[in-house]
Amino acid sequence: MNKIPLLVLQACLAIWLTGSFSFTANASSREEPKAVTFFDVSDLPARIDAPKVSQSDKEFVLDCAVANRSNEDLLGLRLILLIIDTSGKVRGRVTWTERTELAMYSIKTFDFHPEMTEDLRNTDQIFLGIEEVFGRETIWHAAAAEKALRAYSRGQHDVLPTVRKFANKFDPRTNALVPIIRR
């Protein structure tokens, strides 16, 4: 009579151990996320919150939330990411564009995929900035954004990029008038 509960206990223990080891194996394929410092330029309509980068066997993933602080829908971002070593020198630099459809005055989480060639070291510091924001009607460009981001990484918080606004003549508008041609 006592053998049955002991067998059940052993079976439960075996299942639990198998599940624990398989979870450990799956978790090890992606490294622990590394915090990223975001350089916020208040004149840009987008802000990035809680950015973290992780590295799997094949790619890097930047998990974050993007906040739209404008009265215009956003379509995308052009981003700059700097990897700084312990001596304060730039060890890696990546710029890329991501589609980020985001309604006015909203916030949404995204997984971005920068094409980085350098492996991250435990001692690296990572800095992220926005170079351009693409809206339905407007494009905001931060002139000298990389220079300001490099200064920010050295603790010079008074160097800011100049933000210029341009009409977006490239992306389609949802409320554009389309002529109807009758034959």
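Presented here is an overview of the structure given in this document.

Calculation criteria
Residues numbered from 1 in each chain as written. Predicted model: local features only at pLDDT ≥ 70, side-chain atom pairs only at ≥ 80, totals over all residues. Heavy atoms only, no water. Helix = DSSP H or I, 4+ residues; strand = E, 2+ residues; numbered from the N terminus. Polar contact = N/O pair within 3.5 Å; in protein donor to acceptor, adjacent residues only side chain to side chain. Contact = heavy atoms within 4.5 Å. Buried < 20%, exposed > 50% of the residue type's maximum accessible area, 1.4 Å probe, protein only. Phe/Tyr/Trp six-rings, centres within 6.5 Å; stacked < 30°, edge-to-face > 60°.

Our focus in this paragraph is the side chain of glutamate 146. Among the secondary structure elements, glutamate 146 is positioned in helix H2 (residues 145–153). A distance of 2.8 Å separates a polar atom in the side chain of glutamate 146 from a polar atom in the side chain of arginine 150. With sequence-adjacent residues up to four places away left out, glutamate 146 is seen in contact with Ile80, Leu82 and Arg93.

The next point concerns unusual backbone geometry. Positive phi, close to 50 degrees, is recorded for alanine 50, a residue that is not glycine. Secondary-structure assignment places alanine 50 in strand E3 (residues 46–55). A relative accessible area of 59% places alanine 50 in the exposed class. Positive phi outside glycine occurs at alanine 144, with the angle close to 65 degrees. On the secondary structure map, alanine 144 appears in the loop between strand E9 (138–143) and H2. What makes alanine 144 partly exposed here is its relative accessible area of 46%.

All told, the structure shown has three aromatic pairs when counted by the stated rule. With a centroid separation of 4.8 Å and 40 degrees between ring planes, the pair formed by phenylalanine 39 and tyrosine 152 is classed as tilted. Of the two residues, phenylalanine 39 is situated in strand E2 (residues 37–39) and tyrosine 152 in helix H2; the sequence distance between them amounts to 113 residues. By relative accessible area, which is 19% here, tyrosine 152 ends up buried. Measuring from ring centre to ring centre gives 6.2 Å for phenylalanine 127 and tyrosine 152, while their planes differ by 85 degrees; the resulting arrangement is edge-to-face. Of this pair, phenylalanine 127 sits in strand E8 (residues 125–135) while tyrosine 152 sits in helix H2; the two residues are 25 residues apart in sequence, bridging distant segments of the chain. Each member of the pair phenylalanine 127 and tyrosine 152 is classed as buried.

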